[in-house]
Amino acid sequence: MYFYCSNFEVYTNHTYHPLRHCQRSNGTIIGLRNVKTFEDCVSFGRERSALAFNFRSNDKNNTNRYDSLKPKEESNKTWNYNVETRLKNEDFYNCQLLECPEYGNFTGMINDTRFDYYTLYAKPPPPFSSVCIPQVGMFVLYQKPTNYTFAWKTCREIGGGLAHVVSEKRTNTLANYLKNNLNLTVSKEAYVGLNESIVDKFNTSSNEPLDCFLYRAWAPKHPAKNRRPGCVGLTVDRSWKVFHCAHKMPFLCEIFTTGPNKNVRIDRKCSITRPNNRFIRIKETKNLN
C-alpha cells in the first residue's frame, strides 16, 4: 500500500516567497523567534502552519528609518508612509509568523525598513473574495447551488480547487466555517474535493486516492452500497455525504499556494523617498455568491 500511495503523492507547496520589500504585515502573530537564517524562519513557519511571515535578516539595521520622518515632512509627501512609531515586543524578534496572509488591498502592510514580508500566496495574491481560515488556508465560498462539474471548473478558474478535507482538523474547521456562513435555509452541505469515477474509489481534488488516508468522516448510511459514482458534500455537522454529481449545492474552493512573483525585488536598498514595491492587484473572475 505504501508503494501504491507514493505513486500518487502530491507534495503540498509550503514554499514562502517574498512579496513586500521594506515592509511588514501587522496581522495576527502566532509565533516569534530570533533565528540565524532565513531557512530557520521557514522551518519555524512550517512547524506552526503559518501562512506568511515577516523576516529581518541579520545584515539589516535594527532601526526602522521611517520612524525618523517628522510629521511635517510626512505631510509633504505624495504617498502614505503609514509610519508606526510605537515599539512593540515583537519588534525584538526577526522571525514573526502570521496566521493569515495579506490580500485584497494589503491594508495590513506597514512600512518598516527592518523587515521583508513573505507569503505562501505570492503570484498572484488571493482574490478579494477569498477568506482566510487561520493556519489552514484561503477559501472562497460560493452560495449559489450548482453541480459538481461546474463547481470544479469555477475553483480552477480562480486559481484553486475544491477544498481538501481529508483530515480531522480540516473537516472540523471547514464544517464550522460552513455552519457560520452558509445560507442554511438553502443547504446544509457544500461540495468539497472528494469524488469517485468508480464506486468506492474516491479521489481528492489533488487526485490523491482516499485509500491513502486513514481519516474518514462519513455520515450514517454514507456512502450507500447501491449507488452510482458520486461526489462529496461537507455538512455543517462535520460529516461527509455522497450525492449524485448532478445534484446542485453550494461549494467551497481552496486557493492554491503560489509563487514566486517576478515583480518583487528585495535586493535593493530600502528607500524612504520612493515606494519600494508595486501593489499587485488581480482581475476578479465571475462572482457566483
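Refer to the structure above for everything that follows.
All values reported here derive from a predicted model rather than from experimental measurement. (Residues numbered from 1 in each chain as written. Predicted model: local features only at pLDDT ≥ 70, side-chain atom pairs only at ≥ 80, totals over all residues. Heavy atoms only, no water.)

Asker: Help me out: how do you make sense of the state of the cysteines in this one?
Answerer: Here is the idea: a disulfide is a covalent bond, and it sits between the sulfur atoms of two cysteines. Summed over all chains, the structure comprises five disulfides. Shown here is the disulfide that connects C100 with C132, its sulfur atoms set 2.0 Å apart. Taking the torsion about the sulfur-sulfur bond, which here is approximately -90°, the covalent link between C100 and C132 counts as left-handed. On the criterion of sequence distance, the pair formed by C100 in the loop between β4 (95-98) and β5 (109-119) and C132 in strand β6 (residues 131-133) is long-range, its members being 32 residues apart. Residues C100 and C132 agree in their burial class; the two are buried. Disulfide pairing places C155 opposite C253 at an S-S distance of 2.0 Å. On the sign convention where negative is left-handed, the bridge of C155 and C253, at about -80° about the S-S bond, is left-handed. Here the residue C155 occupies a position in helix α4 (residues 148-157), and C253 occupies one in strand β13 (residues 249-255), the gap between them amounting to 98 residues. (Disulfide = S-S within 2.5 Å. Helix = DSSP H or I, 4+ residues; strand = E, 2+ residues; numbered from the N terminus. Buried < 20%, exposed > 50% of the residue type's maximum accessible area, 1.4 Å probe, protein only.)

Asker: Help me understand unusual backbone geometry in this model?
Answerer: Among all residues save glycine, negative phi is the norm, and among peptide bonds the norm is trans. Here the residue pair H222 and P223 is connected by a cis peptide bond, since its omega of -10° sits within 30 degrees of zero. Cis peptide bonds are those with omega within 30 degrees of zero, and the linkage from G259 to P260 qualifies with 0°. With respect to the helices, strands and loops of the structure, P260 is situated in the segment after β13. Unusually for a residue other than glycine, Q135 sits at a positive phi of about 60°. Residue placement: Q135 occurs in the loop between β6 and β7 (137-146). Residue classification places Q135 among the partly exposed positions, given a relative accessible area of 30%.

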